[in-house]
Amino acid sequence: YRGAIPGTGKPFLDVERDGRFGHTAPRGGVYFEDRTYADRRVLLSIPRGFDPARPALIVLYLHGNEARLDRDVRDRQGVARQVAASGLNAVLVAPQLAVDALDSSAGRFWEPGHLKLFLEEAAVQLARLHGDPVSAQRFATAPVVIAAYSGGYLPAAFGLEVGGVADRLAGVILLDALFGEEERFARFIARRRNAFFVSAASPSTASAQRRLAALVAGAGPIQSGPPLRRIAPGEVRFIEAPGTEHRDFVSRAWASEPLRAVLARLPGYPRADLVGATEGAADP
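This paragraph deals with helix 2 (residues 69-76). Within the sequence span of helix 2, burial applies to L69, D72 and V73. Down the axis of helix 2, the buried set is contained in an arc of 110 degrees. They therefore lie on one face. Along its buried surface, helix 2 packs onto strand 4 (42-45), strand 5 (57-62), helix 3 (79-85) and strand 6 (90-95). Positioned one or two residues after helix 2, G78 has a phi angle of 60 degrees, which is positive.

As structure tokens, this is what we get:
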């Protein structure tokens, strides 16, 4: 990303040393572009039994600070496994953001319309991975659930506001991710149409979550606590999980595998291999 940091007018790359450009992160010091902000990899995962001809979802996962796609998103947090275990006819798209850094920068997701372009490219790559180029159009129009953990809040907030995908959004899941931008999330909730919004907090983000709940108090009914049944379109729900650790929140919070626990409550997208089974029969 070579532009300015929104709202500041300051260039993102504000340091140059020996021909290398870097960014001064508020908590991490100077990170250089070539090591921290130039990784273009994206983790794609298509569960066994996925059928693009059936109603399908794309789960866009935005990781937190000090993360790598392989070590943390795939292995430690088991995000691909959780998407598959949810029983949804859904695929995972997880971009590498700042590599292993104390930095929540949104990168090109700060740019208006860039999330739309990113998902269009992901559709082509998903179709290639699936071995069916014709399915690219289905991936390109599939509803999107944005799931953000920790520092993923910043690309999530800007993706919702300027990403150009409002017509595709099925919902938002924040997993201990309210470290700021409450007003942007409040604006999304106010205009969400049928998209659901679920935010879960450890003690690290509980106060910010309560601020957001206060901001959206007039936006319609608000649910509290873990969902026990189906999450309805347009539902707004806040979950507090005291006694949980921020670092482990994606893998263990109010339930084991919290991302799976939320995704498993979404109606309308059962995977073909599970059609006929009782949906939601077991508590996550």
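Here the focus is the layout of surface pockets. Reported here for the largest pocket is a volume of approximately 710 Å³. Ranked by residues supplied to the lining of the largest pocket, first place goes to helix 4 (residues 114-130) with six residues. Of the residues that constitute the lining of the largest pocket, the class distribution is 15 nonpolar, five polar and six charged. Quantified by volume, the second largest pocket comes out at close to 560 Å³. As for the second largest pocket, its lining consists of 26 residues, of which R27, N65, L102, D103 and S104 are closest to the centre. Elements with a minimum of two residues in the lining of the second largest pocket: strand 2 (20-25), helix 2 and helix 6 (153-162). By residue number, the principal contributor to the lining of the second largest pocket is strand 2, which donates three residues. Here the residues of the lining of the second largest pocket sort into ten nonpolar, ten polar and six charged.

Within the fold, T244 resides in the loop between strand 11 (236-240) and helix 9 (258-263). A polar atom in the side chain of T244 sits 2.6 Å from the backbone oxygen of A241. When sequence neighbours within four positions are dropped, the list of residues in contact with T244 reads S202, P203, F249, A253 and W254.

Applying the stated rule across the entire model yields eleven aromatic pairs. Where W110 meets F158, the ring centres are 6.5 Å apart and the plane angle is 90 degrees; that geometry is what we call edge-to-face. One end of the pair, W110, is in the loop between strand 6 and helix 4; the other, F158, is in helix 6, and 48 residues separate them in sequence. Between F188 and F197 the ring centres are 6.3 Å apart and the planes differ by 45 degrees, which places this aromatic pair in the tilted class. Each member of the pair, F188 as well as F197, is classed as buried.

Let us now look at the sheet that holds strand 2. With antiparallel pairing, the three strands of this open sheet are ordered in space as 1-2-3. At either margin of the open sheet sits one strand with a lone partner, and together these are strand 1 (15-17) and strand 3 (29-32). Here the strands of the sheet are splayed against their neighbours by 40 degrees on average, with no regard to which way each runs. As judged from the three bridges shared by strand 1 and strand 2, these two strands associate in the antiparallel manner. Paired with E16 across the strands is F21, a residue of strand 2.

This part takes up unusual backbone geometry. Of note, the phi angle at D176 is positive, near 50 degrees, even though the residue is not glycine. Relative to the assigned elements, D176 resides in the loop between strand 8 (169-175) and helix 7 (182-190). Look at D176 and you get buried, because its relative accessible area is 0%. Positioned with a positive phi, E257 is a non-glycine residue whose angle comes to about 55 degrees.

Turning our attention to helix 7. Within the sequence span of helix 7, burial applies to E182, F185, A186, F188 and I189. End-on view of helix 7: buried residues confined to an arc of 160 degrees, all on one side of the axis. Of the exposed residues in helix 7, the ones pointing more than 90 degrees away from its buried face are E183 and A190. Buried residues in helix 7 make contact with helix 6, strand 8, strand 9 (196-201), helix 8 (206-215) and strand 11.

Turning our attention to empty space enclosed by the protein. Taken as a whole and assessed by the stated rule, the structure comprises one cavity of 30 Å³ or more. A volume near 40 Å³ is recorded for the largest cavity. Residue lining of the largest cavity: H63, G64, N65, L97, A98, D103, S104, S105, G151, G152 and P155, and that is the complete set. Of the residues belonging to the lining of the largest cavity, the class tally is three nonpolar, seven polar and one charged.

Cut-off values and rules
- Residues numbered from 1 in each chain as written.
- Predicted model: local features only at pLDDT ≥ 70, side-chain atom pairs only at ≥ 80, totals over all residues.
- Heavy atoms only, no water.
- Buried < 20%, exposed > 50% of the residue type's maximum accessible area, 1.4 Å probe, protein only.
- Helix = DSSP H or I, 4+ residues; strand = E, 2+ residues; numbered from the N terminus.
- Arc of directions from axis to C-beta.
- Contact = heavy atoms within 4.5 Å.
- 1 Å grid on protein atoms, 1.4 Å probe; cavity = no way out; pocket = protein on both sides within 12 Å on 5 of 7 lines; lining within 4 Å.
- Points joined across faces, edges and corners; volume = space filled by probe spheres on them.
- Nonpolar A, V, L, I, M, F, W, Y, C, P; charged D, E, K, R; others polar.
- Polar contact = N/O pair within 3.5 Å; in protein donor to acceptor, adjacent residues only side chain to side chain.
- Phe/Tyr/Trp six-rings, centres within 6.5 Å; stacked < 30°, edge-to-face > 60°.
- Pairing = 2+ DSSP bridges.
- Axes fitted to C-alpha atoms, helices over the stretch in contact; angles between N-to-C directions.

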